[in-house]
Amino acid sequence: GVFACAESTGSLSFIQAKNSILASCDAQADMLSSLITNCGKLLSVNVGSLLCADFFGVVDVVSVNSSLLCDATAEVLSDALTEFSGPDGTQAEVQCVGTGLVIDKENCSATVNTMNRMTEAYALGGFQDCIVTTPTTSQSTTDTSTLSSTPTSTATSTGTSTATSTLTTTVTLSDTTSPSTSFTTTPTTTTETTSVTTTETSSVTTTVTTTEFFGAFECVDQPSLEISFLRARSDSNSDCDTQVLVLNQILQVCDSSLSGEIQCVTDTFLNTEILVYSDGPNSTFTCENSTGVIAYALQEFMGPGSTDTYELSCIGNTLIVDLETCGSMIKVLNSMVKEFAEGSFQTCTVT
């Protein structure tokens, strides 16, 4: 039981399994996986296996081996933690980001402590049926009164209470059908002809020029987590690297001491490129520093008359925004990037 909350500047923390001399991350994940699998069998719920992986720059994250089973596995783990904490405990809520397991940052410490005690109890042979055993209690009271001419009388009363709780989890799986593409090849007949011809020819050359469109950032909404990741749309008029290049130029103008930069990184679980902060060599800056500069730049761009404020944060090194405010924030961000690319906002102040 050496699980811990990964450091995070956002609202969610990944669950880590700390490597130590006595226990590796994989050994911790295997033990917790055995517990969850046992609970899943008792509930007739199909759950995934747990393993250690790296997510968004966070190492040794407890994750699920299948994205289709991640939500079901997180629910069974949540119910097991709630059951183990007893009637006076709090409702645990484990969620998935990709296939990584996360907990709300405010409740992470208490939930992980319960997880460690639960895993240790399971390793020692307890909690095998995923139900906390409540010992039966009996109370006995004896009253005795004696008179010289009356026999002794004794009254005994016994009460027994037993508590039973049941966990219920529902799993919904979805199938994905991949499209197929076929190609048809038509043979071509080539005829060679030799002739002597004098021809006067005039030609017209047409050149197609593609203009880069700046300000193509979008929200990648995750409603179940109430957050949005950020990406830049890639099409014939824009690509993520070019959009981010302008954003990094704005960051340098607004805070020249920032040594890192925003990068486009393909996330296999979200199946798209998302914005991630990369530290510079020997940098003491963090992802939170970059999001702070972006928030400052947005505030400057909106001007002193604006009452709107936008906060960005990070999961690991990945930029995130509150789900409710991402849409309006993206509009301001795109306007700022567009005007900077066109020559305005060059000093991080509105002229």
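Residues numbered from 1 in each chain as written. Predicted model: local features only at pLDDT ≥ 70, side-chain atom pairs only at ≥ 80, totals over all residues. Heavy atoms only, no water.

## Structural notes on the overall build of the protein
Each helix and strand in the protein was counted, giving 6 helices and 14 strands. Looking at the protein alone, contacts between residues at least 24 apart form 61% of all its contacts between residues at least 6 apart. Of the roughly 20800 Å² of accessible surface on the protein, a fraction of 48% belongs to carbon and sulfur atoms. (Helix = DSSP H or I, 4+ residues; strand = E, 2+ residues; numbered from the N terminus. Contact = heavy atoms within 4.5 Å. Areas by Shrake-Rupley, 256 points an atom, 1.4 Å probe, with all protein chains shown as cover.)

## Re the state of the cysteines
Note: disulfide means a covalent bond formed between the sulfur atoms of two cysteine side chains. In total, this model carries 8 disulfides according to the counting rule given. Covalent S-S linkage joins Cys219 and Cys326, the inter-sulfur distance amounting to 2.1 Å. Its S-S torsion of approximately -105 degrees makes the covalent link between Cys219 and Cys326 left-handed. Here Cys219 is found in strand E9 (residues 217-222), whereas its partner Cys326 is found in helix H6 (residues 323-341), with 107 residues between them in sequence. Look at Cys219 and you get partly exposed, because its relative accessible area is 23%. Put simply, Cys287 and Cys314 are joined by a disulfide, and their sulfur atoms are 2.0 Å apart. Between Cys287 and Cys314, the S-S dihedral sits near -85 degrees, and the bridge is therefore left-handed. Within this pair, whereas Cys287 is found in helix H5 (residues 287-302), its partner Cys314 is found in strand E13 (residues 312-315), the two being separated by 27 residues in sequence. Accessibility assignment for this pair places Cys287 and Cys314 in one class, buried. (Disulfide = S-S within 2.5 Å. Buried < 20%, exposed > 50% of the residue type's maximum accessible area, 1.4 Å probe, protein only.)

## Considering the confidence of the model for the protein
Summarising the model, the protein shows a mean pLDDT of 77, and 72% of its residues fall at 70 or more. The weakest mean pLDDT in the protein belongs to strand E7 (residues 145-147) at 40; the strongest belongs to H6 at 94. When the criterion is pLDDT under 50, residues 201-210 qualifies, and its contacts beyond four places in sequence or with other chains add up to 2 contacts. (pLDDT = per-residue confidence, 0-100.)

## What about the pattern of salt bridges?
On inspection of all chains with the given rule, the structure shows 3 salt bridges. Put simply, Arg233 and Glu218 hold a salt bridge, and the shortest N to O gap is 3.6 Å. Taken together, the residues span a long stretch of sequence, with Arg233 in the loop between strand E10 (227-232) and helix H4 (240-254) and Glu218 in strand E9 at a distance of 15 residues. (Salt bridge = Lys/Arg side-chain N within 4 Å of Asp/Glu carboxyl O.)

## Focus on the layout of surface pockets
By volume, the second largest pocket amounts to about 380 Å³. Along the wall of the second largest pocket there are 21 residues; nearest its centre are Ser11, Leu12, Gln95, Asp104 and Leu225. Mapped onto the lining of the second largest pocket, the elements with two or more residues apiece are strand E6 (100-104), helix H3 (105-123) and strand E14 (318-322). Element by element, the count of residues in the lining of the second largest pocket is highest for H3, at 4 residues. For the lining of the second largest pocket, the class distribution of residues is 8 nonpolar, 8 polar and 5 charged. (1 Å grid on protein atoms, 1.4 Å probe; cavity = no way out; pocket = protein on both sides within 12 Å on 5 of 7 lines; lining within 4 Å. Points joined across faces, edges and corners; volume = space filled by probe spheres on them. Nonpolar A, V, L, I, M, F, W, Y, C, P; charged D, E, K, R; others polar.)

## Overview of the nonpolar core
With 37 residues, the main nonpolar core has Phe217, Leu230, Ile250, Leu275, Leu298, Met329 and Leu333 as its most contacted residues. Taken together, the elements giving at least two residues each to this core come down to E10, H4, strand E11 (261-267), strand E12 (272-278), H5, E13, E14 and H6. In terms of residues, this core owes the most to one element, H6, which gives 8 residues. Counting 34 residues, the second largest nonpolar core, distinct from the first, contains Leu32, Val45, Val76 and Ala80. (Core = buried A, V, L, I, M, F, W, Y, C linked by side-chain atoms within 4.5 Å.)

## Section: the environment of Asn46
With respect to the helices and strands, Asn46 occurs in the loop between helix H1 (25-42) and strand E3 (50-55). Under the relative-accessibility criterion, Asn46 is labelled exposed at 51%. For the pair Asn46 and Ile36, spaced 10 residues apart in sequence, the C-alpha to C-alpha distance is 10.0 Å.

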